[in-house]
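# Secondary and tertiary structure notes
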Amino acid sequence: MKSPTSRQLALQALTEIHAGSRANVVLAAFLGDQGRGLSERDRAFVTELVQGTTRMRRAVDHLLQPFISRKLDPDVLATLRLGAYQLHYLRTPAHAAVNDTVAVAPRRASGLVNAVLRKVADVHPEWPNEATQFSYPDWIWNLFLETWGPEGRAALISMNTPERPLPRSDGYIQGQASRWVSEAVDDASPNGGTIVDLCAAPGGKATACGAAWSEIWANEIDPTRARALREVAENYRPEIQVVVSDGTNTRFDDRFADAVLVDAPCSGLGALGRRSDARWQISKEAISRLTGTQNALLEEALRILKPHGVLTYSVCTITQEETCDVAHAFHERHQELRNLDIQGRHWRQYCDGGLVLPHDYKTDGMAIFQWQREG
Ligand SMILES: C[S@@+](CC[C@H](N)C(=O)[O-])C[C@H]1O[C@@H](n2cnc3c(N)ncnc32)[C@H](O)[C@@H]1O
């Protein structure tokens, strides 16, 4: 059987993503399975087509909309989006973008795809607003602008051309902002000892811990993600001990650890570049649910922290609720905690913690807070 072409693979992946599957999961499965025969260059092209078309969905739909008069089947719509993305964002010559997309279109719709894409190729876009132009839901666009003003706009635009994370010296591929969190964890506890990472999968930060730690415990609630964590630990840091439990209610003893990292589940609004479909899946309502879990994780982290131990809270988001508000409320509840300055020149000072916005260094947006337990 002939191997699928890059565009065929991209189209299959997009159809699954539009049906609700996670982009990174679908891509990894497709590239690992059917894409095995592709060259590195073709794999990068499939990735670009899938991530870019998913990310720019709102803008692409605006380009297509004048030429579509009826509801389309999902595979046809995915084909049109793929073609329009190439025409307007990859600068693929129009005849190639149209012909190569028509070649992979569902046969019953090849005439329609051809006709619509030819028209889209000639469009000089007029955008009704910047949320459409930069392809974000209105609520995310407004939230960033209300919270950060022009910096929020810069952050959103920056996440449309995200960082390509590089391998660490041990080969694990990790974003730079995540590495800065691990460095801050190490710097705050130069004598090492026992560390617990309460929310550890897939294991990026746990495996990046420095050499001073004598014991590293990596906890994760989700059994599937814990399997991935175990694999990463075996490959990159075999001494890590993996535990599968709810980090808000663990079996670690009181005052067990010299340091605890709560790299909490969050809205991920600082990592929208890396997760191309996330902007379409997160809801505003989810944020207040997440802050409940974040609070509960911090309480459990403090229970298992030794006196003089260091607690680090980090999130790859930049909403006020999940960063300053959670951190302030926690500190208010616990006067035995002393706030620590965040080490590392990359961090902006932010509400007694540190912050990196996506456009500062072309990384994920990340917030971090650290406290030392005094009593
Ligand atoms: C931001 S990710 C952690 C990333 C990880 N620290 C790394 O650097 O690779 C958050 C993780 O917390 C897990 N999680 C969510 N709720 C949890 C809970 N109550 N207890 C423990 N883990 C939880 C999620 O499944 C997810 O794997």
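Just so we're clear, the structure is a prediction, and the values are computed from it rather than from any experiment.

### So, the site of the ligand
- Around the ligand sit 20 residues, and of these Gly204, Glu220, Arg225, Gly247 and Asp263 come closest.
- Here an oxygen atom of the ligand and a side-chain polar atom of arginine 225 are 2.6 Å apart.
- Backbone polar atom of glycine 247 to a nitrogen atom of the ligand: 2.7 Å apart, as the coordinates give it.
- Of all elements in the fold, only helix 12 (204-207) and strand 2 (213-220) reach the threshold of two or more residues within the shell around the ligand.
- Here the residues of the shell around the ligand are counted per class, giving 9 nonpolar, 5 polar and 6 charged.

### Some details on the packing of helix 15 (residues 284-303) against helix 16 (residues 321-333)
- At their nearest, the axes of helix 15 and helix 16 sit 10 Å apart, and the two run at 40° to each other. In terms of orientation, helix 15 lies oblique with respect to helix 16. As for how helix 15 packs across helix 16, the hand of that crossing is right-handed. Here Ile287, Leu290, Thr291, Gln294, Asn295, Leu298, Glu299 and Leu302 of helix 15 lie close against helix 16, whose contacting residues are Glu321, Glu322, Val326, Phe330 and Arg333.
- For the contact of helix 15 with helix 16, the residue count by class is 6 nonpolar, 3 polar and 4 charged.

### Points about the domain arrangement of the protein chain
- Each assigned domain of the protein chain is listed with its residue range as follows: domain 1 (6-125) and domain 2 (176-373).
- For domain 1 versus domain 2, the distance between C-alpha centres works out to 36 Å.
- The interface of domain 1 with domain 2 comprises 11 residues on the first partner and 8 residues on the second.
- Carbon and sulfur atoms supply 41% of the area buried between domain 1 and domain 2, which totals about 820 Å² over both sides.
- Our count for the domain 1 to domain 2 interface comes out at 0 salt bridges.
- Applying the counting criterion to the domain 1 and domain 2 interface returns 4 residue pairs in polar contact (both at pLDDT 80 or more).
- For the side of domain 1 that touches domain 2, the elements supplying multiple residues, two or more each, are helix 2 (23-32), helix 3 (40-55) and helix 4 (57-64).
- The greatest single-element share of the side of domain 1 that touches domain 2, amounting to 3 residues, is contributed by helix 3.
- Each residue belonging to the side of domain 1 that touches domain 2 can be placed in one class, and the counts come to 2 nonpolar, 5 polar and 4 charged.

### Structural notes on helix 1 (residues 6-18)
- The end-to-end C-alpha distance of helix 1, which contains 13 residues, comes to 18 Å, matching closely the 18 Å that a straight helix rising 1.5 Å per residue would cover.
- Regarding helix 1, the residues found buried are Ser6, Arg7, Leu9, Ala10, Leu11, Ala13, Leu14 and Ile17.
- In the segment just after helix 1, glycine 20 is the residue with positive phi, at about 120°.

### Digging into empty space enclosed by the protein
- Per the stated rule, a full pass over the model turns up 1 cavity of 30 Å³ or more.
- What the largest cavity holds in volume is close to 30 Å³.
- Contributing to the lining of the largest cavity are Ala327, His328, His331, Asn339, Cys351, Asp352, Phe369 and Trp371.
- Contributions of two or more residues to the lining of the largest cavity are made by helix 16 and strand 9 (366-373).
- The element that contributes the greatest number of residues to the lining of the largest cavity is helix 16, accounting for 3 residues.

### Some remarks on the environment of aspartate 75
- The residue aspartate 75 is located in helix 5 (residues 74-89) in this model.
- Remark: the alpha-carbon pair of aspartate 75 and leucine 11, spanning 64 residues in sequence, is separated by 7.8 Å.
- Within polar-contact distance, the side chain of aspartate 75 engages the side chain of arginine 108 at 2.9 Å.

### Some thoughts on the packing of aromatic side chains
- Per the stated rule, a full pass over the model turns up 13 aromatic pairs.
- Look at tyrosine 85 and tyrosine 89: their rings are 5.5 Å apart centre to centre, the planes differ by 20°, and that puts the pair in the stacked class. Taken as a pair, tyrosine 85 and tyrosine 89 lie in helix 5 at a separation of 4 residues, close to a single helical turn.
- Since its relative accessible area comes to 5%, tyrosine 85 is described here as buried.
- Look at phenylalanine 134 and tryptophan 141: their rings are 5.8 Å apart centre to centre, the planes differ by 5°, and that puts the pair in the stacked class.

What counts, and at which threshold
Every residue gets a number counted from 1 within its own chain, in the order that chain's sequence is written. Since the coordinates come from a predicted model, pLDDT governs what is reported: local features require at least 70, and pairs of side-chain atoms require 80 or more to be given and counted, while whole-chain, interface and lining totals use all residues. Hydrogens and water molecules were not included; the side-chain quantities draw on all heavy atoms of the structure. Any residue with at least one heavy atom within 4 Å of a molecule or strand is counted as near it. Whenever two N or O atoms come within 3.5 Å, that pair is a polar contact, provided that in protein one can donate a hydrogen and the other can accept it, and provided that, for residues adjacent in sequence, both atoms are side-chain atoms. To qualify as a helix, a DSSP run of H or I must reach at least 4 residues; to qualify as a strand, a run of E must reach at least 2; elements of each kind are numbered from the N terminus. Lys, Arg, Asp and Glu make up the charged group, whereas Ala, Val, Leu, Ile, Met, Phe, Trp, Tyr, Cys and Pro make up the nonpolar group; the residues left over, Gly among them, are polar. To get an axis, a line is fitted to the C-alpha atoms, and for a helix only the part in contact is used. The angle between two axes follows their N-to-C directions and goes from 0 to 180 degrees. Oblique is the label for any angle not covered by the other classes, which are roughly parallel (under 35 degrees), roughly antiparallel (over 145) and roughly perpendicular (65 to 115). Each crossing gets its handedness from the near helix: less than a right angle anticlockwise from the far helix is left-handed, clockwise is right-handed. Any two residues whose heavy atoms approach within 4.5 Å are treated as being in contact. How far each domain reaches was decided by an automatic or database domain assignment. Once two parts are brought into contact, the accessible area they lose, counted with a 1.4 Å probe and summed over both, makes up the buried area. We count a salt bridge whenever a side-chain nitrogen from Lys or Arg sits within 4 Å of a carboxyl oxygen from Asp or Glu. For a helix, the expected span equals 1.5 Å multiplied by the number of residues minus one. Per-residue accessibility, obtained with a 1.4 Å probe over protein chains only, is compared with the maximum for each type, and a residue is labelled buried under 20%, exposed over 50%, and partly exposed between these values. Note on definitions: the grid is 1 Å and covers protein atoms alone; a cavity is a set of points where a 1.4 Å probe fits but cannot get out; a pocket is an open set with protein on both sides within 12 Å along at least five of seven lines; lining residues have an atom within 4 Å of a point. Grid points are joined across faces, edges and corners, and a volume is the space filled by probe spheres set on the points. The criterion for an aromatic pair is that two Phe, Tyr or Trp rings (for Trp, the six-membered ring) have centres within 6.5 Å, with stacked assigned to planes under 30 degrees apart, edge-to-face to planes over 60 apart and tilted to the rest.

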